[in-house]
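Commentary on secondary and tertiary structure
Residues per chain are reported as follows:
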Amino acid sequence: MEIDMTTNEIPVRAASAREPAHPSITPEQISRLVETFYQRVQNDVRLAPIFLQQIPGDWGPHLEVMKRFWRSVLLKTGEYGGRPVPVHAKVANQTDGGLTKADFIAWLALFRQTVGEIFEPGAQPIVIEAAERIASSLWLATNGDLVATPPDWPSQQMPS
Ligand code: HEM
């Protein structure tokens, strides 16, 4: 940490905490990620019915929430103040068989494909690992008990 010699002040932590997860990541890339990813979700045999039950009409508001969410995660903008765990608990309760490991694997496969098309190679693992971490928390919240361990998502066992 550097001390500013003109004022002798030590910079506050919050300033550095707002740095992007990777310097190449832009808000435009995040918008493209969200739009392309949810387009694919709507065409996916496994995921489309789950989402369409919750969002039968205009997807605009959901896409705006998701852009704010990913800007908060990746650019540390602090724009998202929601609580994904109870939202997904509700989705799981309203879905036949709940949200399964296979549902999360399908979600992550589409997400990884989309990230691979949009972000620079150095940023891709950072974005994907953030999604996998959150997927693990959501899986625990919807399937786990106090001693459960989230699955290893297939990409964690690659690359080959
Ligand atoms: C099996 C996988 C998943 C399914 C089926 C799923 C489904 C959904 C649905 C249907 C909604 C909209 C709920 C509503 O508006 O009533 C939603 C919201 C959301 N999802 Fe997921 N999701 C999945 C995984 C994930 C993952 C892995 C992440 C993050 C990496 C994520 C992040 C979010 C966020 C931030 C919201 C908005 C919550 C809010 O309203 O504040 N989801 N999800």
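Our structure is the block above this text.
Quick summary incoming for the structure in this document. Quantities reported herein were computed from a predicted structural model and do not represent experimental measurements.

1. Comments concerning the side chain of H62
- Its place among the elements puts H62 in helix α4 (residues 60-75).
- Apart from residues no more than four positions distant in its own chain, H62 is found in contact with Y38, F51 and I55.

2. What about the packing of aromatic side chains?
- Summed over all chains, the structure comprises eleven aromatic pairs.
- Note on F37 and W107: the rings are 4.7 Å apart at their centroids and 65° apart in plane angle, and the pair reads as edge-to-face. Taken together, the positions of F37 in helix α2 (residues 27-42) and W107 in helix α6 (residues 101-118) put the pair 70 residues apart, joining distant regions of the chain.
- Relative accessible area serves as the criterion here: at 17%, W107 is assigned to the buried category.
- Through pairs of rings, three or more aromatic residues link up here, namely F37, Y38, F51, W59, F69, W70, Y80, W107 and F111.

3. Describing the site of the ligand
- Around the ligand, 22 residues are found, and the nearest of them are F51, Y80, H88, K90 and W107.
- Taking Y80, its side chain carries an N or O atom lying 2.6 Å from an oxygen atom of the ligand.
- H88 has a polar side-chain atom sitting 2.8 Å from a nitrogen atom of the ligand.
- The set of elements that each furnish at least two residues to the shell around the ligand consists of α3 (47-54), α4, α5 (84-93), α6 and α7 (124-143).
- The element contributing the most residues to the shell around the ligand is α4, with five residues.
- Its residues assigned to classes, the shell around the ligand comprises 16 nonpolar, four polar and two charged.

4. Notes on the packing of α5 against α7
- Axis separation between α5 and α7 bottoms out at 9 Å; the angle between their running directions is 50°. Compared by their axis directions, α5 and α7 come out oblique. For α5 against α7, the interelement crossing comes out right-handed. Residues P84, V85, H88, A89 and A92 of α5 touch α7, and the partners they reach there are L138, A141 and T142.
- When its residues are assigned to classes, the contact of α5 with α7 shows six nonpolar, two polar and no charged.

5. Here's the deal with the coordination of the iron atom of the ligand
- Exactly one donor from the protein chain reaches the iron atom of the ligand: H88 (NE2), at 2.0 Å.
- Considering the arrangement of structural elements, one finds H88 in helix α5.

6. Concerning the packing of α2 against α3
- Closest axis-to-axis distance for the α2/α3 pair is 7 Å, and the angle between their directions is 105°. Of the possible angle classes, the one that applies to α2 and α3 is roughly perpendicular. Packed against α2, whose contacting residues are Y38, V41 and Q42, the element α3 presents L47, A48 and F51 at the interface.
- Among the residues making up the contact of α2 with α3, the classes are represented as five nonpolar, one polar and no charged.

The rules behind the values
Residues numbered from 1 in each chain as written. Predicted model: local features only at pLDDT ≥ 70, side-chain atom pairs only at ≥ 80, totals over all residues. Heavy atoms only, no water. Helix = DSSP H or I, 4+ residues; strand = E, 2+ residues; numbered from the N terminus. Contact = heavy atoms within 4.5 Å. Phe/Tyr/Trp six-rings, centres within 6.5 Å; stacked < 30°, edge-to-face > 60°. Buried < 20%, exposed > 50% of the residue type's maximum accessible area, 1.4 Å probe, protein only. Near = heavy atom within 4 Å. Polar contact = N/O pair within 3.5 Å; in protein donor to acceptor, adjacent residues only side chain to side chain. Nonpolar A, V, L, I, M, F, W, Y, C, P; charged D, E, K, R; others polar. Axes fitted to C-alpha atoms, helices over the stretch in contact; angles between N-to-C directions. Parallel < 35°, antiparallel > 145°, perpendicular 65-115°, else oblique. Left-handed = near helix turned anticlockwise from the far one by under 90°. Donors = N, O, S within 2.8 Å, 3.2 Å for Na, K, Ca; no water.

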